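# Architecture at a glance
The chain contents come next:
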Amino acid sequence: MQGEKPEFLTVGAGAEAREIAWRLLDGAKDRPALVWLGGYRSDMKGTKAVELESFARDRGLACLRLDYSGHGESGGEFRDGTISRWLEEALAVIRHAGFERLILVGSSMGGWIALRAVQELRKTGLPKVEGMVLIAPAPDFTMDLIEPSLGEAERQSLQEKGYFEEHSEYAPEPNIFTARLMDDGRANRVMTGIIETGCPVHILQGMQDPDVPWRHAMKLIEHLPADDVVISLVKDGDHRLSRPEDLALMRRALDALPHG
């Protein structure tokens, strides 16, 4: 249940060690588990994450949620976070959980983490990713969405302070983007060629999204030529896609994936 305390997994060693919080809803062992990968500064208690667990409970599926370091109930400093670091944590929790079959559900930056995770998991073949739902996916956002919009003040702050701040529409505190995050983003780019997930992909994208334009989702599709890809464009949808009708759409997308 939502009120239960999370479990923790230590990821990294020495000065890099951090305690990663995760929650698991048990479900059928012979069916794929749902894995929630949240967005930048979001956590596993968010509306969509909780709805995913509710869906899993209704369908008898297992559901794994986690908080990246510096997020939610996990340890570690947010400013130390990078795509590589958060990917390492997600993969560590996924492997620790021991499932053989997965459906990855990634929101915003979590869509980028999901795409990188499937690349890494395909190298060993287990666990096998059998489907993906990407909600307002933001792969390569540091290069494609942030860098082109930086002004002189932000560039100077990055160079002199190692970070810059940006007003957040979703929290009272500003968003912080570090030079470390920006540099690491280049090493994790996925939209540089063909992305092979080996599974069906359903993308949900709001057309009124001010953070991740719907054209970014269309660009992603161009890099998924080998996969069965469905995109649902929500004409009046924003970045969160957390309204009741948006959550119902997420449920339908999940139901359309094979999870028998």
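Look above for the structure.
Below or above, wherever it landed, is the structure these notes cover.

Cut-offs used in this document
Residues numbered from 1 in each chain as written. Predicted model: local features only at pLDDT ≥ 70, side-chain atom pairs only at ≥ 80, totals over all residues. Heavy atoms only, no water. Helix = DSSP H or I, 4+ residues; strand = E, 2+ residues; numbered from the N terminus. Rg over C-alpha atoms; globule rule 2.2 N^0.38 Å. Buried < 20%, exposed > 50% of the residue type's maximum accessible area, 1.4 Å probe, protein only. Contact = heavy atoms within 4.5 Å. Areas by Shrake-Rupley, 256 points an atom, 1.4 Å probe, with all protein chains shown as cover. Lys, Arg positive; Asp, Glu negative; His and termini not counted. Charge placed at Lys NZ, Arg CZ, Asp CG, Glu CD. Pairing = 2+ DSSP bridges. Axes fitted to C-alpha atoms, helices over the stretch in contact; angles between N-to-C directions. Core = buried A, V, L, I, M, F, W, Y, C linked by side-chain atoms within 4.5 Å. Disulfide = S-S within 2.5 Å.

### Structural notes on the overall build of the chain
The number of helices and strands found in the chain is eight helices and 10 strands. A globule of 260 residues ought to have a C-alpha radius of gyration of about 18 Å, and the chain, at 17 Å, matches this closely. With respect to the three principal axes, the spread of C-alpha positions in the chain is 55 × 45 × 35 Å. Out of the 260 residues in the chain, the part that is buried amounts to 52%. Pairs at least 24 apart in sequence give 75% of the contacts found in the chain among residues at least 6 apart. Counting only carbon and sulfur atoms, one obtains 49% of the accessible surface of the chain, whose full area is about 11,600 Å². Within the chain, one finds 31 positive and 42 negative side-chain charges whose respective centroids are separated by 3 Å.

### Overview of the sheet that holds strand β9 (residues 201–206)
With respect to topology, eight strands assemble into an open sheet ordered β1-β2-β4-β3-β5-β6-β9-β10, the strand pairing being mixed. At either end of the open sheet lies a strand with only one pairing partner, and these are β1 (7–11) and β10 (229–234). Across the sheet, the mean angle separating the axes of adjacent strands is 20 degrees when strand polarity is ignored. Pairing of strand β5 (residues 101–107) with strand β6 (residues 128–135), which is carried by seven bridges, proceeds in the parallel orientation. Looking at β6, one finds that serine 107 is bridged to isoleucine 135. The sheet strands contacting helix α1 (residues 47–59) are β2 (18–25), β3 (33–37), β4 (63–66), β5 and β6, and the helix crosses β3 at an angle near 175 degrees.

### A closer look at the nonpolar core
Counting 54 residues, the largest nonpolar core has Leu102, Leu104, Met132 and Phe141 as its most contacted members. Of all the elements, helix α3 (residues 109–121) adds the most residues to this core, at eight residues. Counting 21 residues, the second-largest nonpolar core is a separate cluster that includes Leu25, Ile103, Leu204 and Val234.

### Here's the deal with the state of the cysteines
Here, the word disulfide means a covalent bond between the sulfur atoms of two cysteines. Summed over all chains, the structure comprises zero disulfides. In this structure cysteine 63 is not part of a disulfide, and its nearest cysteine sulfur, from cysteine 199, lies 17 Å away. Cysteine 63 gets classed as buried once you look at its relative accessible area, which sits at 0%. Assessed through its relative accessible area of 4%, cysteine 199 is described here as buried.

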